Amino acid sequence: MSSTPSFDRTVLPADLRDRDQWVCWKEELRDGKPTKIPVTPGSDAFASSTDPETWASFETALEYADTGNADGIGFVFTDDDPIVGVDLDDCRDPESGDVDETALDIIERLDSYTEISPSGTGYHVLIKGELPLGRNRRGSIELYDTARFFTVTGDRLEDTPSRVGRRQDALVAIHREYVQDPEPDPEHESVSRRTGDETETTGSAAHTDVDLEDKDLLERARNASNGEKFERLWRGSTAGYESQSEADMALCCLLAFWTGDDQQQMDRLFRQSGLLRDKWDEVHYADSSTYGEKTIERAVASTSEFYDPDTREASTKSVPRTSESSTADTGDKSERNQNRAYLVEKNRLLTDRVDELEATLEQKNERIDYLEATVEDLKSELAERNREIEQTREGQAETMSDCDSASEPSSLWGRLFGDSSK
C-alpha cells in the first residue's frame, strides 16, 4: 500500500477540520469491484459511520494515512452537524478535465467548497443545509447528510469557494430538479388537479388573460398603490435592494402580476426598462437558459395572483371614479407577490453575505491568533536578549573588579618603597 501524499491542511475549511468526525479508508475488492472501506485511524479495525468511537480528529486521521496504513481520509456526516455532501460521479474526464453540463450546473449553483474525488472522475461538494425529504440518489448524483462518509482529497476545484457555504435554497431546487421522482404520485396528481380546478373556479390564483397593450399596462401599473415603486424600478433605480439581481426579480414579479404571467410580454417590457443590461441575454445555466429567461421563470413561479382587468372594470362601475379601491387592491396583490419573491431572493443573498462575513471573521481571528503568537515570540526573544545583556554586564563588572584588586598591591608597594622608575 502506497503512502497517501499529505496535502496542505489549511486547504480544508475549518468547519470540517475542527470536527472529530474523521476516518481513514482503504480500497479493497468487493464482488470484483474496488470499494472504499472505512477504517479507524490508528488501527486496521473497521470504522462505522454511526459509531463515534471509531472516528478521530482530522490531524489523527491524516497522520495515520500519511504512514501508508490507509489510502486516504474521510469525513463522516451526522445528525449533529449542518453539513450536506453532494456526490457527483462519472462526470469528469481525468485526462482532459472536461465536465458534463449537469455537474457544472450543480457546482455553479451550490457555489461552495468543491474538490475532485480520489478517482479524478467526479466531484464532492460540501454545503450547509438540510436535506429535503424523499429519495437522495438518482443516477450518478447522491446527496448525504448523515450515517455516511465522504472521501476527502483536499484537491479543491479551482475558482470554487474555500468555505462551506449555507445553500438551502439551491439544495432544495437541485434535489427537486435532479434527484426526486420525475413522475408525480398518482394520488398527489389527482389532488393537484382537483385543487387546480377549484382554483380556476374561484379565480383566486388562476392564470388570467390580461391582454393589455404595453402602453395601457404600464399606465395601470404606475397608477396602482405601489406605482411609485414600479416607476422607480422601471427607471432603473436599485435603491433599497442589495443588488441589481434583486431589483430585476422585483420588477419581473410586478410584470408577472400585470401581464397575467405572459412571459413574452414580460421580456418585451423588461427590455424597455432602465434595468436592462447585457447580462440579461447571457447564458448562465446548463440548460442553455439565459439570465433573463431564468429570472422571468422564477418570477412567474413565485407569483400566485394576477391582475384581472374584468374585475377592475366591474369595480369601476359601482365605485366612483375618484375612488382608488380597485387600483389599490390590485396593487396590494402585486406588492404581496413581489414581496414573497423578493424575500426569497433576499434570504439567499443575505445567507451568502453571512457566509462571507463568517469567512472574513474566521480569517481575522486567524490573523489575531497569528499576531498574538508573534507578540509572545517577540516578548520571549526580548526577555532572552535582556538576560544576555545582564549577563554581559555582570561579566564586565567582575572583570573590572579583578583589575582593581590586582592594582591595589602595586600601589601599596609604591607608597612604602617608592617608585623604582624615579
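First things first, this report covers the structure right here in the doc. As a convention, each chain's residues are numbered from 1 in the sequence order in which they are written. With the structure being a predicted model, the display of local features is reserved for residues of pLDDT at least 70 and the display and counting of side-chain atom pairs for 80 or more, all residues being used for whole-chain, interface and lining totals. Derived side-chain values reflect all non-hydrogen atoms in the structure, with water molecules and hydrogen atoms excluded from consideration.

As for the pairing of strand S4 (residues 83-88)
Step number 1: Only protein chains enter the calculation, and the probe is 1.4 Å; a residue is then buried if its accessible area is under 20% of its type maximum, exposed if over 50%, and partly exposed in between. Helix and strand assignments come from DSSP, with helices taken as H or I runs of at least 4 residues and strands as E runs of at least 2, each series counted from the N terminus. Within S4, six of the six residues are buried, leaving the element largely enclosed by the surrounding structure.
Step number 2: Residues Ile-83, Gly-85 and Asp-87 line one face of S4 and the alternating positions Val-84, Val-86 and Leu-88 line the opposite face, and both faces are buried.
Step number 3: Where S4 lies against strand S8 (residues 141-144), four bridges are found, and the strand directions are antiparallel. Bridging from a neighbouring strand, Gly-85 pairs with Tyr-144 of S8. Think of it this way: DSSP has to see at least two bridges between two strands before they count as a pair.

Quick word on the packing of aromatic side chains
Each aromatic ring pair is described using two quantities: the centre-to-centre distance and the angle formed by the ring planes.
Step number 1: Two rings from Phe, Tyr or Trp (for Trp, the six-membered ring) form a pair when their centres sit within 6.5 Å of each other. Planes less than 30 degrees apart are called stacked, planes more than 60 degrees apart edge-to-face, and all others tilted. In total, this model carries ten aromatic pairs according to the counting rule given.
Step number 2: Here the aromatic rings of Phe-230 and Trp-234 are separated by 5.9 Å at their centres, their planes lie at 15°, and the arrangement is stacked. Linking Phe-230 with Trp-234, this pair stays in helix H7 (residues 227-235), spanning four residues, or about one helical turn.
Step number 3: Its relative accessible area of 1% is what places Phe-230 among the buried residues.
Step number 4: In this structure Trp-234 comes out as buried when scored by relative accessible area, which is 10%.
Step number 5: With a centroid separation of 6.2 Å and 80° between ring planes, the pair formed by Trp-280 and Tyr-291 is classed as edge-to-face. Here Trp-280, found in the loop between helix H9 (263-270) and helix H10 (291-302), pairs with Tyr-291, found in helix H10; they are eleven residues apart in sequence, far enough to count as distant. Summarising the burial analysis for this pair, Trp-280 and Tyr-291 share the class buried.
Step number 6: Among the aromatic side chains, those forming a connected cluster through ring pairs are Trp-22, Phe-58, Phe-75, Phe-77 and Phe-150.
Step number 7: The ring of Tyr-144 carries Arg-148 above its face, with NZ or CZ at 4.1 Å from the centroid. A ring is scored as having a charge over it whenever the NZ atom of a lysine or the CZ atom of an arginine sits within 6 Å of its centre and within 35 degrees of its normal.

Side note on the nonpolar core
One recurring pattern in soluble globular proteins is that nonpolar side chains are buried together.
Step number 1: Definition used in this section: a nonpolar core is a set of buried Ala, Val, Leu, Ile, Met, Phe, Trp, Tyr and Cys residues joined via side-chain atoms within 4.5 Å. Within the largest apolar cluster, 30 residues are counted, with the highest numbers of intra-cluster contacts made by Phe-230, Leu-233 and Met-266.
Step number 2: Every element with two or more residues in this core is listed here: helix H6 (214-223), H7, helix H8 (244-259), H9 and H10.
Step number 3: Among the elements that take part in this core, H8 stands out by supplying eleven residues, more than any other.
Step number 4: The contact rule is simple, with two residues in contact once any of their heavy atoms fall within 4.5 Å. Discounting residues that sit within four places of it in the chain, Leu-233 has contacts with Tyr-241, Ala-247, Ala-250, Leu-251, Leu-254 and Leu-275.

Some words on a negative patch on the surface
Step number 1: What goes into a patch is any residue over 30% in relative accessible area without a salt bridge, connected to like charges within 9 Å or, for nonpolar side chains (Val, Leu, Ile, Met, Phe, Trp, Tyr), within 5 Å. We get accessible surface area from the Shrake-Rupley algorithm with a probe of 1.4 Å; when it comes to residues, only the shown protein chains can shield them. A pair is scored as a salt bridge if a Lys or Arg side-chain nitrogen falls within 4 Å of a carboxyl oxygen belonging to Asp or Glu. Charge assignment in this entry is limited to Lys and Arg as positive and Asp and Glu as negative, and neither His nor the chain termini are counted. By convention, the charge on Lys lies at NZ, on Arg at CZ, on Asp at CG and on Glu at CD. Judged by side-chain charge, Glu-366, Asp-369, Glu-372, Glu-376 and Asp-377 come together as a negatively charged surface patch.
Step number 2: Inspection of the secondary structure assignment puts Glu-366 in helix H12 (residues 325-417).

Some points on the sheet that holds strand S2 (residues 33-39)
Step number 1: Reading across from one edge, S2-S1-S3-S9 is the order of the four strands in this open sheet, with antiparallel pairing throughout. Lying at the two open borders of the sheet, with one neighbouring strand each, are S2 and strand S9 (148-152). Averaged over all neighbouring strand pairs, the angle between strand axes comes to 45°, with direction disregarded.
Step number 2: Bridge count between strand S1 (residues 22-30) and S2: seven bridges; the pairing is antiparallel. Counterpart to Arg-30 in the pairing with S2 is Lys-33.
Step number 3: In this analysis an axis means a line fitted to C-alpha atoms, helices contributing only their contacting stretch, and an angle means the value between N-to-C directions, from 0 to 180 degrees. Packed onto the sheet, helix H2 (residues 58-66) meets S1 and strand S3 (72-77) and runs at close to 40° relative to S1.

Regarding H8
Given 3.6 residues to a turn, an α-helix orients residues that are three or four positions apart in the same direction.
Step number 1: The terminal C-alpha atoms of H8 lie 22 Å apart, and with 16 residues this matches the ideal 22 Å at 1.5 Å per residue to within 8%.
Step number 2: Where H8 ends, the next residue or the one after it, Gly-260, has phi of about 70°, a positive value. For a helix, the expected span equals 1.5 Å multiplied by the residue count minus one.

A word on the sheet that holds strand S5 (residues 114-116)
Sheet strands pair via backbone hydrogen bonds, and the direction of the pair is either parallel or antiparallel.
Step number 1: With respect to topology, five strands assemble into an open sheet ordered S5-S6-S4-S8-S7, the strand pairing being antiparallel. Of all the strands in the sheet, the pair left with one neighbour each is S5 and strand S7 (137-138).
Step number 2: In terms of strand pairing, S7 meets S8 through two bridges, oriented antiparallel. In the sheet register, Arg-137 faces S8, and the bridge partner there is Glu-142.
Step number 3: Each of S4, S5, strand S6 (123-128) and S8 touches helix H3 (residues 101-110); the most contacted strand, S4, lies at about 160° to it.

A closer look at the side chain of Asp-105
Step number 1: Checked against the element boundaries, Asp-105 lands in helix H3.
Step number 2: Among the residues examined, Asp-105 registers a relative accessible area of 4% and is labelled buried.
Step number 3: Within polar-contact distance, the side chain of Asp-105 engages the side chain of Arg-109 at 3.0 Å. Here a polar contact is recorded for every N or O atom pair within 3.5 Å, except that within protein the pair must consist of a potential hydrogen donor and a potential acceptor, and residues adjacent in sequence are included only if both atoms are side-chain atoms.

Overview of the pattern of salt bridges
Step number 1: Within the structure shown, the criterion is met by 16 salt bridges.
Step number 2: A salt bridge links Glu-59 to Arg-9, with the nearest nitrogen and oxygen atoms 2.8 Å apart. You can see Glu-59 sitting in helix H2 and its partner Arg-9 sitting in the segment before helix H1 (14-17), a full 50 residues away along the chain.
Step number 3: Here Arg-271 makes a salt bridge to Asp-267, at a shortest N to O gap of 2.9 Å.
Step number 4: Judged by relative accessible area, Arg-271 falls into the partly exposed class, the value being 35%.
Step number 5: With a relative accessible area of 22%, Asp-267 lands in the partly exposed category.
Step number 6: One continuous salt-bridge network, built from bridges that share partners, spans Asp-105, Arg-109 and Glu-177.

Describing H7
Step number 1: Residues of H7 that are buried: Gly-227, Lys-229, Phe-230, Leu-233 and Trp-234. When H7 is viewed along its axis, its buried side chains cluster within an angular range of 160° and face the same direction. Facing away from the buried side of H7, by more than 90 degrees, are the exposed residues Glu-228 and Arg-235.
Step number 2: Taken from the residues just after H7, Gly-236 is the one with a positive phi, measuring 105°. By construction, the arc corresponds to the directions joining the helix axis to the C-beta atoms.

Bear in mind that shape data such as this cannot, by itself, settle questions of function.
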